[in-house]
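# Architecture at a glance
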Amino acid sequence: MTESEALLRAQVLRSLIEKANRDYYDLHQPTVGDRDYDMWEKELLSLEEEFPFLKDENSPVRRVAGGLSEGFAKVQHNPPMQSLDKTHAKEELAEFDSFIRKSVDGFSYVIEPKVDGVSLSLVYSGGVLVRAATRGNGTTGDDITANVRTIAAVPKVLPPSAPKELEVRGEAYMTREGFVELNARQAAAGLEEFANPRNACAGSLKQLDAAVTASRPLSVVVYNSGGLGCEGFATHTQMIEAFREWGFPVSPYLKHASTQEELFAAIDELEKARHSFDFEIDGAVIKIDERVHYDTLGATAHGPRWARAYKYAPERAETVVEAITVQVGRTGILTPVAELKSVFLAGSTISRSTLHNVDQIARQDIRIGDHVWIVKAGDVIPAVDSVIKEKRTGEERVFEMPRSCPVCGGEVRREEGEVAVRCVNPACPAQLRRRLEHFASRNALDLKALGERVADALVDSGLVRDVLDVFTLSRERLENLDLAEGANAEEKEEDFQDGLLPGLFKPVRKFGRNAVNLLNAVDQARTLPLHRWLFAIGIPGVGVSVAKDIAAEHEKFSDLADSAVLKNVLENDLKKGKERKVLPIKVEAAKAVLSFFAGEYGKRFAERMASLSLDPQSEKKVSATSGALAGVGCVLTGSLSRPRHEYAAMIEAAGGIVQSSVTSKTKYLIAGENVGASKTEKARKLGTQVIGESDLLALLA
Ligand code: AMP
Ligand code: ZN
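The sections below set out a description of the structure shown in this document. Keep in mind that this is a model prediction, so the values were computed, not measured.

Analysis parameters
- Residues numbered from 1 in each chain as written.
- Chains lettered and ligands numbered in written order.
- Predicted model: local features only at pLDDT ≥ 70, side-chain atom pairs only at ≥ 80, totals over all residues.
- Heavy atoms only, no water.
- Donors = N, O, S within 2.8 Å, 3.2 Å for Na, K, Ca; no water.
- Tetrahedral: all angles 85-135°; square planar, octahedral: opposite > 155°, others 65-115°.
- Buried < 20%, exposed > 50% of the residue type's maximum accessible area, 1.4 Å probe, protein only.
- Helix = DSSP H or I, 4+ residues; strand = E, 2+ residues; numbered from the N terminus.
- Expected span 1.5 Å × (residues − 1).
- Arc of directions from axis to C-beta.
- Contact = heavy atoms within 4.5 Å.
- Pairing = 2+ DSSP bridges.
- Near = heavy atom within 4 Å.
- Polar contact = N/O pair within 3.5 Å; in protein donor to acceptor, adjacent residues only side chain to side chain.
- Areas by Shrake-Rupley, 256 points an atom, 1.4 Å probe, with all protein chains shown as cover.
- Axes fitted to C-alpha atoms, helices over the stretch in contact; angles between N-to-C directions.
- Parallel < 35°, antiparallel > 145°, perpendicular 65-115°, else oblique.
- Left-handed = near helix turned anticlockwise from the far one by under 90°.
- Nonpolar A, V, L, I, M, F, W, Y, C, P; charged D, E, K, R; others polar.
- Phe/Tyr/Trp six-rings, centres within 6.5 Å; stacked < 30°, edge-to-face > 60°.
- Lys NZ or Arg CZ within 6 Å of the ring centre and 35° of its normal.
- 1 Å grid on protein atoms, 1.4 Å probe; cavity = no way out; pocket = protein on both sides within 12 Å on 5 of 7 lines; lining within 4 Å.
- Points joined across faces, edges and corners; volume = space filled by probe spheres on them.
- Patch = residues over 30% accessible without salt bridge, like charges linked within 9 Å, V, L, I, M, F, W, Y side chains within 5 Å.
- Salt bridge = Lys/Arg side-chain N within 4 Å of Asp/Glu carboxyl O.

## Describing the coordination of the zinc ion (ligand 2)
Around the zinc ion (ligand 2), the protein contributes the donor atoms Cys-405 (SG), Cys-408 (SG), Cys-423 (SG) and Cys-428 (SG), which lie 2.2 to 2.4 Å from the metal centre. Each of the four donor atoms bound to the zinc ion (ligand 2) contributes to angles spanning 100 to 118°, and the resulting shape is tetrahedral. The exposure class assigned to Cys-408 is partly exposed, which follows from its relative accessible area of 26%. Taking the relative accessible area as the measure of exposure, Cys-428 reaches 0% and is therefore buried.

The following block contains the structure:
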């Protein structure tokens with residue numbers, strides 16, 4: 001290779017890596033597989049070794065990747081938080097092993113899972129958690145203390161046996177099960193789903209509102225010392241043992257090895273166990289156990305010389321994209337779906353996989369007829385990892401989003417700034433089917449007899465033209481409902497055909513006795529509390545917890561459409577600054593609900609509710625005269641251990657009035673940590689009592 005060829009190739013690799021970094025760290029939307037990324041990195045490193053003129057401080061392989069985000073204070077890491085050098089094959093690991101054997105005497109290895117999450121630094125002072133930060137670029141990270149405080153697994157206070165001043169480092173992750181549930185919740189609320197647990201974790205930690213982080217299933221594993229408090233340990237193993245005693249979650253798997261053989265065996269064993277952890281792992285980390293060698297071995301620009309990552313090949317399967325179909329969801333969003341040649345992967349047969357949106361298809365350049373690699377996100381959700389471009393024959397076709405709704409033929413629109421394309425016809429049967437299914441789902445009206453197939457049949461038979469029609473169904477019509485009428489009925493034929501050859505007869509299955517079950521459930525739904533109904537409507541952005549927050553501020557359904565509380569939230573938002581009142585309802589949610597009821601569909605819905613004499617009541621509405629804090633003015637200040645709006649809601653639920661600044665009407669100033677002296681001084685002058693969080697809880701109890 002000539003120098004100019006090398007330069008060209010290095011430039012190409014650098015821009016590929018930079019782009020992949022941006023997609024991964026800033027957009028939380030990975031566009032290349034780990035393998036490809038690692039190969040580029042490796043090729044670039046070896047080019048830079050071979051052609052020293054290429055070496056450049058700013059080369060992406062000389063820096064730790066990982067973005068810094070706006071809206072967070074910056075912290076300095078001392079020593080810097082490093083990455084790890086990686087190996088992908090046993091031969092490379094053998095090189096590492098012989099390098100270590102040449103360099104030091106009297107050592108052994110520890111093998112741990114490489115947790116695929118987000119690096120974290122935790123700093124304790126006086127035994128109390130005072131700072132949590134991301135790795136960022138290695139020397140500077142984002143201060144995400146408020147968010148990390150909401151993670152139950154992170155100890156907030158250490159036992160007396162722990163050093164008073166301590167920094168530990170580890171990995172935050174989203175549990176696999178939690179990831180699947182979160183995505184289901186996102187989908188139910190009409191929000192975008194996450195690509196994998198790592199992205200979901202990163203996105204959850206970079207929330208400006210800690211309450212959002214608190215609602216996410218996050219945990220941590222601690223595996224490293226930082227700049228403080230861990231100097232005394234002779235071995236890594238002893239240090240991990242101490243971490244465990246101090247209350248930190250540590251890796252459930254830690255193996256020792258002395259010989260190369262033992263090392264390889266441990267790595268293979270860990271690979272077999274990789275699906276048994278509640279976090280995703282993308283490899284093994286091999287470390288020297290004896291810490292005395294760390295200084296001798298030192299570090300490269302990328303990571304310490306006393307540790308190495310061994311990356312496992314992702315479990316993947318090859319298949320063919322036979323077609324790309326389009327599904328129309330509850331909110332009208334058109335989602336392209338890859339129809340795959342059936343293939344078996346990690347425990348199940350896969351024949352479809354969502355492609356999310358057109359941008360995603362373009363980014364991955366997926367074409368109809370392409371051979372592709374399939375992986376499972378979170379070990380469960382099948383996803384197209386990458387296209388096997390070498391197998392292209394030229395016959396592949398580029399997918400185009402239909403210009404009208406594939407179900408109702410109505411107009412489709414792409415809102416500015418949105419990636420999603422929507423069918424805007426509110427009467428679209430595809431939307432109605434899914435709206436009905438959502439209306440009947442567990443957290444909504446819980447109509448157990450009404451699942452996907454029944455929803456399809458009810459809509460397609462014309463029995464239901466609006467979700468509220470379920471309140472007017474007659475038993476006879478329902479009993480005779482033909483479930484084979486529904487959309488995609490052929491696909492579902494075999495489910496209920498019992499012995500009939502598919503296609504030979506037109507299968508008929510009557511709803512029959514289930515009719516009574518459904519009617520009973522419908523009857524019970526009449527008296528369900530307001531938040532269940534509000535969620536059932538399926539307003540985008542109004543998930544279970546948002547619906548609860550809104551319902552708590554209202555008495556009954558008929559108050560929503562013209563709600564002074566919701567309008568107040570919008571006005572409050574315009575005020576900004578100090579006059580702003582702390583309310584648990586978010587501006588976007590207030591906007592969504594008000595605009596729903598202002599729209600054609602919402603108006604009709606409200607009228608229909610009234611004509612059906614349905615007016616669901618809110619569960620709890622404590623009157624302002626009877627609560628423990630009835631009529632009492634309170635101000636919250638300083639950093640509190642729970643989100644401020646939680647406390648505000650508790651105070652208001654007890655009849656109290658949350659004020660934004662201390663006035664002569666303020667009875668209590670609830671002061672968290674780091675409260676400025678001027679605040680408490682002013683409070684004392686005005687005769688306000690300064691109390692702590694525990695005092696508040698006692699008052700509320
Ligand atoms: P990468 O993010 O791919 O550059 O890999 C390096 C990262 O792996 C480190 O910065 C850590 O965040 C992470 N990691 C996960 N598990 C471990 C572990 N057991 N020991 C050290 N680092 C780990
Ligand atoms: Zn449509």
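## Side note on helix H5 (residues 176-188)
With 13 residues, H5 ought to run about 18 Å at 1.5 Å a step, and its terminal C-alpha atoms sit 19 Å apart, in line with that. Every buried residue belonging to H5 is among Arg-176, Gly-178, Phe-179, Leu-182, Asn-183 and Gln-186, and all of these are buried. Down the axis of H5, the smallest arc covering the buried residues is 150°, so these residues share one side. Buried-residue contacts for H5 involve strand S7 (166-174), helix H6 (197-205), strand S16 (371-377) and strand S17 (381-387).

## Let's talk about the pairing of strand S3 (residues 109-115)
In regular strands, side chains alternate between the two faces of the sheet. Within S3, seven of the seven residues are buried, leaving the element largely enclosed by the surrounding structure. Summarising the sheet, S3 and strand S9 (residues 255-257) pair through three bridges and their orientation is antiparallel. When the sheet's bridge partners are listed, Val-110 is paired in S9 with His-256. Looking at chain direction, S3 and strand S10 (residues 281-288) are connected through seven bridges and run antiparallel. Bridge pairing in S10 links Val-115 to Ile-281.

## Focus: the site of ligand 1
In the neighbourhood of ligand 1, 14 residues make up the surrounding shell, with Ser-83, Glu-112, Ser-119, Arg-135 and Glu-171 lying closest. Between ligand 1 and Arg-135, the relevant distance is 2.6 Å, taken from an oxygen atom to a side-chain nitrogen or oxygen of the residue. At 2.9 Å, a side-chain N or O of Lys-287 approaches a nitrogen atom of ligand 1. Bound to the protein, ligand 1 loses 88% of the 490 Å² it would expose on its own. Only S3 and S10 provide two or more residues apiece to the shell around ligand 1. Element by element, the count of residues in the shell around ligand 1 is highest for S3, at four residues.

## Quick notes on the environment of Thr-335
Here Thr-335 lies in strand S13 (residues 334-345). Along the chain, Thr-335 and His-356 lie 21 residues apart, while their C-alpha atoms are 5.8 Å from each other. When sequence neighbours within four positions are dropped, the list of residues in contact with Thr-335 reads Thr-325, Val-326, Gln-327, Thr-354 and His-356.

## Overview of unusual backbone geometry
At the junction of Asn-78 and Pro-79, the peptide bond is cis and its omega measures out at -5° in the coordinates. By secondary structure assignment, the location of Pro-79 is in the loop between strand S1 (74-76) and strand S2 (86-87). Even without a glycine there, the phi angle at Asp-446 is positive, about 55°. The topology assignment puts Asp-446 in the loop between helix H12 (429-439) and helix H13 (452-460).

## Section: the packing of helix H17 (residues 530-537) against helix H18 (residues 544-552)
Interhelical geometry of H17 versus H18 gives an angle of 130° and a closest axis separation of 8 Å. In terms of orientation, H17 lies oblique with respect to H18. In the crossing of H17 with H18, the sense of the turn from one axis to the other is right-handed. The residues of H18 that touch H17, namely those facing Leu-530, His-531, Leu-534 and Phe-535, are Val-544, Ala-547, Lys-548, Ile-550 and Ala-551. Split into classes, the residues belonging to the contact of H17 with H18 amount to seven nonpolar, one polar and one charged.

## Here we look at the environment of Ser-353
In this fold, Ser-353 is placed in strand S14 (residues 348-354). Ser-353 sits 29 residues away from Pro-382 along the chain, and the two C-alpha atoms are 5.7 Å apart. With near-sequence residues (within four places) excluded, Ser-353 lies in contact with Val-337, Ala-338, Leu-340, Pro-382, Ala-383 and Val-384. A polar atom in the side chain of Ser-353 sits 3.5 Å from the backbone oxygen of Pro-382.

## Quick look at the packing of aromatic side chains
Applying the stated criterion to the full structure yields 20 aromatic pairs. Taken together, a centroid distance of 6.0 Å and an interplanar angle of 70° make the contact between Phe-243 and Phe-248 edge-to-face. In this pair, the class of Phe-243 matches that of Phe-248, namely buried. Ring centres of Tyr-294 and Trp-306 lie 3.8 Å apart, and the angle between their planes is 5°; on these two criteria the pair is classed as stacked. In this pair, Tyr-294 sits in helix H10 (residues 293-297) while Trp-306 sits in the loop between H10 and strand S11 (307-311), placing the two residues 12 residues apart along the sequence. The rings of Tyr-124, Phe-233, Phe-243, Trp-246 and Phe-248 are connected pair by pair, giving a single aromatic cluster. Above the ring of Phe-264, the side-chain terminus of Lys-90 is found at 5.4 Å from the ring centroid. Over the ring of Tyr-601 we find Arg-435; its NZ or CZ atom is 4.6 Å from the centre of that ring.

## Brief notes about empty space enclosed by the protein
Enumeration according to the criterion identifies one cavity of 30 Å³ or more in this entry. Taken as a whole, the largest cavity encloses approximately 40 Å³ of empty space. Lining of the largest cavity is provided by Val-546, Asp-549, Pro-584, Ile-585, Lys-586 and Ala-589. Grouping the amino acids of the lining of the largest cavity by side-chain chemistry returns four nonpolar, no polar and two charged.

## Considerations on the packing of helix H20 (residues 587-598) against helix H21 (residues 600-611)
One way to put it is that H20 packs onto H21 with a least axis distance of 4 Å and a crossing angle of 75°. By the angle between their directions, the pair H20 and H21 is classed as roughly perpendicular. For the pair formed by H20 and H21, the contact residues are Phe-596, Phe-597 and Ala-598 on the first element and Glu-600, Tyr-601, Gly-602, Lys-603, Phe-605 and Ala-606 on the second. For the contact of H20 with H21, the class distribution of residues is six nonpolar, one polar and two charged.

## Focus: a nonpolar patch on the surface
A surface patch of nonpolar side chains, amounting to about 230 Å² of accessible area, comprises Leu-8, Val-12 and Leu-16. For Leu-8, the position within the fold is in helix H1 (residues 3-26). Residue Leu-8 is classed as exposed on the basis of its relative accessible area, which comes to 54%.

## Here we look at helix H24 (residues 693-700)
What H24 keeps buried is the set Glu-693, Leu-696 and Leu-700. Along the axis of H24, the buried residues cluster in a sector spanning 60°; they form a single face. The exposed set on the far side of H24, more than 90 degrees from its buried face, consists of Ser-694 and Ala-698. Turning to H24, the residues buried within the fold contact helix H22 (644-653), strand S23 (666-671) and strand S24 (689-691).

This is a description of form; function is not addressed.
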